[in-house]
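Report on the structure
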Amino acid sequence: GTIADTLTRGVESVTGTVSGAFAEPTIRLGVTGLSGAGKTVFITALVANLLDRGRMPQLVAQAEGRILSAYLQPQPDDTIPRFDYETHLAQLTSDSPRWPEGTRAVSQLRLSLRLRPAGLLAGLQGPRKVHLDIVDYPGEWLLDLGLMDKTYGQWSDRMLTRLPHRPGGAKVAEALRAEDARAPFDESRARTLAQTYTTALHQARRAGFSDCSPGRFLLPGEMEGSPALTFAPLPPDPSAPRNSLWREMERRFEAYKRRIVKPFFRDHFARIDRQVVLVDALGAIHAGPQALEDLRATMADILTAFRPGANAFLSQIFRGKRVERILFAATKADHLHHSQHARLTAIMEALTRDARDRARFSGAETQAMAIASLRATTEATLPHKGETLDVVQGTLLDADNTRGKQAAFHPGALPDDPARLLAPAREGAETWLDEDYAIMRFAPARLSLKPGEGPPHIRLDRAAQFLFGDRL
Ligand code: GDP
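Let me begin by describing the structure that accompanies this report. What you see is a predicted model, and the numbers here were worked out from it, not measured in a lab.

Scoring rules and cut-offs
- Along each chain, residue indices are assigned from 1 in the same order as the chain's sequence is written.
- Only residues with pLDDT of 70 or above have their local features reported here, since the model is predicted, and side-chain atom pairs are shown and tallied only from 80 upward, although totals for entire chains, interfaces and linings are computed over all residues.
- Excluding hydrogens and water, the side-chain figures rest on all heavy atoms present in the structure.
- Only DSSP runs of H or I covering at least 4 residues are called helices, and only runs of E covering at least 2 are called strands; the numbering of each starts at the N terminus.
- Each axis is a line fitted through C-alpha atoms, taken for helices only over the stretch in contact, and angles between the N-to-C directions span 0 to 180 degrees.
- In this scheme, roughly parallel covers angles under 35 degrees and roughly antiparallel covers those over 145, while 65 to 115 is roughly perpendicular and the rest are oblique.
- Note: crossing handedness is left-handed where the near helix turns anticlockwise from the far helix by less than a right angle, and right-handed where it turns clockwise.
- By the convention used here, residues are in contact when the closest approach between their heavy atoms is within 4.5 Å.
- Here a residue counts as near a molecule or strand whenever at least one of its heavy atoms sits within 4 Å of it.
- A 3.5 Å cut-off defines polar contacts: any pair of N or O atoms within that distance qualifies, except that in protein one atom must be a possible hydrogen donor and the other a possible acceptor, and neighbouring residues in sequence count only when both atoms are side-chain atoms.
- Methods summary: accessible areas were calculated by the Shrake-Rupley approach with a probe of 1.4 Å, and residue burial reflects only the protein chains presented.
- Using protein atoms alone on a 1 Å grid, points that fit a 1.4 Å probe yet trap it form a cavity, whereas open point sets bounded by protein on both sides within 12 Å along at least five of seven lines form a pocket; residues with an atom within 4 Å of a point count as lining.
- A pocket or cavity is taken to hold a molecule when more than half of that molecule's atoms are within 2 Å of the pocket's grid points.
- Exposed residues in this analysis have more than 50% of their type's maximum accessible area, buried residues have under 20%, and partly exposed residues fall in between, with area computed by a 1.4 Å probe over protein chains only.
- Should DSSP find at least two bridges between two strands, the strands are taken to pair.
- Salt bridges are defined by distance alone: a side-chain nitrogen of Lys or Arg within 4 Å of a carboxyl oxygen of Asp or Glu.
- Note on residue classes: Ala, Val, Leu, Ile, Met, Phe, Trp, Tyr, Cys and Pro are nonpolar, Asp, Glu, Lys and Arg are charged, and everything else, Gly too, is polar.
- We score Asp and Glu as negative and Lys and Arg as positive, and we do not count His or the chain ends.
- Grid points are joined across faces, edges and corners, and a volume is the space filled by probe spheres set on the points.

In the segment running from S213 into P214, the intervening peptide bond is cis, with an omega of 0°. One can find P214 in the loop between α9 (187-206) and α10 (215-218). Of note, the phi angle at K385 is positive, near 45°, even though the residue is not glycine. Mapped onto the elements, K385 comes out in the loop between β8 (377-384) and β9 (387-397). With a phi angle near 60°, R459 is a residue other than glycine that sits in the positive phi range.

In structure tokens, the structure reads:
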């Protein structure tokens, strides 16, 4: 379908400029971010707010009253799972609202908008239609791009060097290094090594580390248990004999690249027009300087994916097409009083600065923002030791994921200068958000779309305006 796609795109852009009346343009919006960043909640809230259209004042087409209707349609791609909007929404809107299960694999949803044309054309033309195809996929999968230009030996070397610096990683690295890579290949041995390595990746991830490749070891999708997912880094040994553990692992690493990474980039990634990259910056800040430095490095890795010129493999699959706009959004901003939001945005800008500069060179427009897809808190200012304290109030999640008690929190402050946070992790580095943040696990506020009940999100409408408002 790539040739057909290119043709359709061509036709769309021609008719789009010539008449606009007959074309039904499609915007493919990619939503990504590492596990737990907030993709599922973002998409559910975005779609709910667009379908309802009561709460999006910063979306210009909405403010101008030009969105006549919005509805979900069967998506055009028959083989991609559909984003389970209805189940997620039902959980968030039930009497005891629960957070939905997060993204595990790629999925898609088509939302169609019927619009009254803007400006002078308004009187001359009838309504037109725009399709928004939302594509949800794990950010972990983008990290695999870094494998495409590496040999198994290079990758092994890198991971075995990094592993010891992570909680529990030293023992695993030692065990892998001690492995006899020249021994004859043995499936159960391979399985044990892959499992040991995967456990170490999960542990690193839980401790806030982000560079955890291969991405599918954390989120395997439908490939779980296949040989292409059953390998581990071993001490490089270029002279290992045929049929040795090393040779078979090397073969599997190459199969992983060819059969898993490449098709994902070709079939999903290369077709995206607009992209939002969600980042749980607050979580990493709270986890401490090392986790934050790791997030910064990982963001830089992830974001090379948006710079096709930098990588021969990417240039080949993009073939001149490019992602036009990229939004970097720090999620869960409702954990902070709004007086801290500008600082969070500045941190997000600093975290992604390199990547944004580079994206700009390859023609994409970028922006950084602090958002909350679903606001779970309200704000208050309370007296505290003779002064006042800005707090957020919300309902805590109990251990069994039910709603616990209402409480007010002060998560601690963010620095006014992002450099104080992002300075390379060093001995005695400052920590931030070290007050109440650790216990701030809020239950979702019941997602309500009734007018006059206070905004259920923070800047979701601004995010929408940047991402696709210009095309409405
Ligand atoms: P995914 O793995 O990227 O799909 O992440 P999810 O969308 O499942 O979000 C992970 C968790 O982050 C959720 O279960 C919530 O606990 C939290 N979360 C996501 N968005 C928000 C938000 O806007 N506000 C708050 N308070 N928590 C959020």
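Having seen it, we continue.
Packing of α9 against helix α11 (residues 245-267) brings their axes to within 11 Å, and their N-to-C directions diverge by 60°. Looking at the two axes, α9 sits oblique to α11. For α9 against α11, the interelement crossing comes out right-handed. Only L245, M249 and R252 of α11 make contact with α9, whose side of the interface consists of E187, A190 and L193.

Attention shifts here to the site of the ligand. The environment of the ligand is made up of 18 residues, and the closest members are G36, K39, T40, V41 and D334. The backbone of G36 places a nitrogen or oxygen atom 2.8 Å from an oxygen atom of the ligand. Separating an oxygen atom of the ligand from a backbone N or O atom of A37 is a distance of 3.4 Å. For the ligand, the protein covers 88% of the area, taking 580 Å² as the surface of the free molecule. When atoms are counted within 2 Å of each cavity's grid points, the one that captures over half of the ligand is the largest pocket.

With that settled, the discussion passes to the pairing of strand β3 (residues 107-115). With 8 of 9 residues buried, β3 is to be regarded as a mostly interior element. Where β3 meets strand β4 (residues 128-136), 9 bridges bridge the pair, whose relative direction is antiparallel. Counted as the bridge partner of L111 is L132 from β4.

The final tally for this structure, using the stated rule, is 23 salt bridges. The partner of D133 in a salt bridge is R110, with the nearest N and O atoms 2.7 Å apart. Placement of D133 in strand β4 and of R110 in strand β3 is noted, with a sequence separation of 23 residues between them. Of the two residues, D133 and R110, both sit in the buried class. For R296, the salt bridge identified is with E293, shortest N-O distance 3.0 Å. Of this pair, R296 and E293 both sit in helix α13 (residues 289-303), 3 residues apart, which is roughly one turn of that helix.

Running from N to C, helix α2 (residues 39-52) and helix α4 (residues 85-93) point in directions that differ by 90°, and their axes come no closer than 10 Å. The angle between α2 and α4 falls in the class roughly perpendicular. Taken together, the residues of α4 that come into contact with α2 (itself represented by T40, T44, V47, A48 and L51) are Y85, H88, L89 and L92. Of the residues in the contact of α2 with α4, the class split is 6 nonpolar, 3 polar and no charged.

A few words on the side chain of D136. By the secondary structure assignment, D136 is in strand β4. This buried residue, D136, is left without a salt bridge; K39 holds the nearest opposite charge, at 5.5 Å. D136 has contacts with V31, K39, I43, F83, T103, A105, V106 and S107, leaving out every residue within four places of it along the chain.

Turning our eyes to something else, we now look at the layout of surface pockets. Considered as a void within the structure, the largest pocket measures approximately 1,500 Å³ in volume. Mapped by element, the contributors of at least two residues to the lining of the largest pocket are α2, α9, β5 (274-279), α12 (281-287) and α13. The biggest single contributor to the lining of the largest pocket is α12, with 4 residues.

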